[in-house]
Amino acid sequence: MYEIFADLHVHIGRSKSNKPIKITAARSLNFENIAKECVERKGISVVGIIDCASPYVIEDIEEFLKNGDAYEIQDGGIVYKDKVCIILGSEIETSEINEKGKTGSAHNLCYFPTLKDIKAFSKEMSTHISNITLSSQRANISAYELIDIVQKYNGILIPAHAFTPHKSFYGNCTDRLEKIFKEKYKDIPAIELGLSSDTFLADQISELETKTFLTNSDAHSLPKIAREYNKMLVENISFKEFVKAINNKDGRRILCNYGLDPKLGKYHRTYCETCEKNVQGNAPVSTCPDCDSKNITMGVFDRIETIKDKKESKSPENRPPYVYQVPLTFIPGLGGKTIDKLLNRFETEMNILHKLSKDDIEQVVGEKIANSIIAAREGKLGIQAGGGGVYGKVTTK
């Protein structure tokens, strides 16, 4: 077995024929470009593309398989140039009603082993979604109903960015996932933490002790791929091995979660829509202390303070470490041309972030930037917290 890096939440902005898929994502994000970015720049060995239920994307996949560099494998997934396995996924928004009768909506990541499976899933979901060609469309069913459809086509379901204030289960639907999935909760192998939370925060909720945590980028542009990612121990790159890893089976497992410090996320702290700024002070916050307004967007940190049921964060023994990772694009003074220079010399972002010495980096970009990269690796950069849909910022201390 060997170690690989995996990012399991990447969007498609446009089809190759320029049809819109994810409206808020970059036009350059198409199936082929994502595969190439993972191989040529990122060093990601397993990537989950979660807009593959769109008929336009399905057309692109079928064309992609004709070029000779990509092929489906028996254990599930599409392998490109023998270096990256693409897991075919779909992000579905479900309609939820909680035990108090309040309505909410949440995003679900659904992954499938074969093109045949996701084509069948797409066909069935088109009866529940008004526009199946677009990404993350709202379905007229609940997650409790969705999981049956996913399993019908050999797939698995994972709650997406589980704590964000918009479009997530803990964020606006429920205080416990088990209330949503009921007896099917056992069929949920993992949750995606999202950019504004981490293992320490999530492990304050006892029902998550049996679930694997995933850190993914939710990339809306090519450079954002691997903004967050996972290190996995697997025998090969395939859907089957991915499923074994998140279920901790046969020695496969998640070895490490690499993610942003939660303060860098867009929704870490509560944001006052009236004052148009983050609310400072102790969590949880229900009203703005400056203007007394209740017109707030509750941050992930504050939300977890509200719903947690453990006095302190304590992880189960098999929980992998969570390493705060600052992507190259977040590091002060590191622009696109400098990143290109590093990649031309050292091949992939994973090499730069994990393997190179300061001396290696300094030879290419000079001492100042090398110091910043090493400081980011060691968690020694300052952070200005994000909130209200605006990312936090990395600063030099």
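Residues numbered from 1 in each chain as written. Predicted model: local features only at pLDDT ≥ 70, side-chain atom pairs only at ≥ 80, totals over all residues. Heavy atoms only, no water.

Chemist: For the pairing of strand β2 (residues 46-49), give the residues involved together with the corresponding values.
Modeler: Burial along β2 is two-sided: V46 and G48 facing one way and V47 and I49 facing the other are all buried. In terms of strand pairing, strand β1 (residues 2-10) meets β2 through three bridges, oriented parallel. Paired with V10 across the bridge in β2 is I49. A crossover links β1 with its parallel partner β2, the connecting element being helix α1 (residues 31-42), and its sense is right-handed. Relative to strand β5 (residues 84-97), β2 is paired through four bridges, and the arrangement is parallel. What sits directly across from G48, in β5, is I87. (Buried < 20%, exposed > 50% of the residue type's maximum accessible area, 1.4 Å probe, protein only. Helix = DSSP H or I, 4+ residues; strand = E, 2+ residues; numbered from the N terminus. Pairing = 2+ DSSP bridges. Right-handed = clockwise from strand over helix to strand, strands pointing away.)

Chemist: Before we move on, can you summarise empty space enclosed by the protein with the specific residues and values?
Modeler: The final tally for this structure, using the stated rule, is one cavity of 30 Å³ or more. One number sums up the size of the largest cavity: a volume of about 100 Å³. S90, I132, L134, S135 and S136 are the residues nearest the centre of the largest cavity, which is lined by 14 residues in total. Per-class residue counts for the lining of the largest cavity are six nonpolar, six polar and two charged. (1 Å grid on protein atoms, 1.4 Å probe; cavity = no way out; pocket = protein on both sides within 12 Å on 5 of 7 lines; lining within 4 Å. Points joined across faces, edges and corners; volume = space filled by probe spheres on them. Nonpolar A, V, L, I, M, F, W, Y, C, P; charged D, E, K, R; others polar.)

Chemist: So, helix α8 (residues 239-246): which residues are in play, and what are the values?
Modeler: Across the eight residues that make up α8, a large majority, seven, are buried. Residues F239, E241, F242, V243, K244, A245 and I246 constitute the buried set of α8. Positioned one or two residues after α8, N248 has a phi angle of 55°, which is positive.

Chemist: Got a sec to walk through the sheet that holds strand β14 (residues 296-297)? Specific residues and values, please.
Modeler: Read from one edge of the open sheet, three strands run β13-β12-β14, paired in antiparallel fashion. Every interior strand has two partners, whereas the edge strands, β13 (277-278) and β14, have only one. One ladder, built from two bridges, connects strand β12 (residues 271-272) with β14; its direction is antiparallel. When the bridges of β14 are listed, Y271 appears paired with T297.

Chemist: Tell me what's going on with the state of the cysteines, and back it up with residues and numbers.
Modeler: Following the criterion strictly, the structure yields zero disulfides and no others. Distance from the sulfur of C85, which forms no disulfide, to the nearest cysteine sulfur (C38) is 11 Å. In this model C272 remains outside any disulfide bridge; the closest cysteine sulfur is found in C291, 3.7 Å from its own. Among the residues examined, C272 registers a relative accessible area of 1% and is labelled buried. (Disulfide = S-S within 2.5 Å.)

Chemist: How would you summarise the nonpolar core if you had to cite specific residues and measurements?
Modeler: Core analysis: the largest hydrophobic core is formed by 101 residues, its most contacted members being F31, I34, F121, M125, F163 and L208. Tallying contributions element by element places helix α13 (residues 367-377) first for this core, with six residues. Dropping the residues within four chain positions of it, M125 is found in contact with I92, I132, A139, I141, L146 and I149. Counting 24 residues, the second largest nonpolar core, distinct from the first, contains L8, I156, I158 and I254. (Core = buried A, V, L, I, M, F, W, Y, C linked by side-chain atoms within 4.5 Å. Contact = heavy atoms within 4.5 Å.)

Chemist: Requested: an account of the packing of helix α10 (residues 336-346) against helix α12 (residues 358-365), with residues and values cited.
Modeler: Where α10 contacts α12, the axes come no closer than 10 Å and their chain directions differ by 125°. Between α10 and α12, the interaxial angle falls into the category oblique. In this structure, α10 meets α12 at a crossing whose hand is right-handed. Contacts from T338, K341, L342, R345 and F346 in α10 reach D360, I361, Q363, V364 and V365 in α12. Split into classes, the residues belonging to the contact of α10 with α12 amount to five nonpolar, two polar and three charged. (Axes fitted to C-alpha atoms, helices over the stretch in contact; angles between N-to-C directions. Parallel < 35°, antiparallel > 145°, perpendicular 65-115°, else oblique. Left-handed = near helix turned anticlockwise from the far one by under 90°.)

Chemist: Can you break down the pattern of salt bridges residue by residue, with the values?
Modeler: Throughout the structure, instances matching the rule amount to 24 salt bridges. Where K231 meets E3, a salt bridge forms, and the shortest distance between an N and an O atom there is 3.7 Å. Placement of K231 in strand β10 (residues 229-234) and of E3 in strand β1 is noted, with a sequence separation of 228 residues between them. Through salt bridges with shared partners, a single network forms among K16, E32 and K36. (Salt bridge = Lys/Arg side-chain N within 4 Å of Asp/Glu carboxyl O.)

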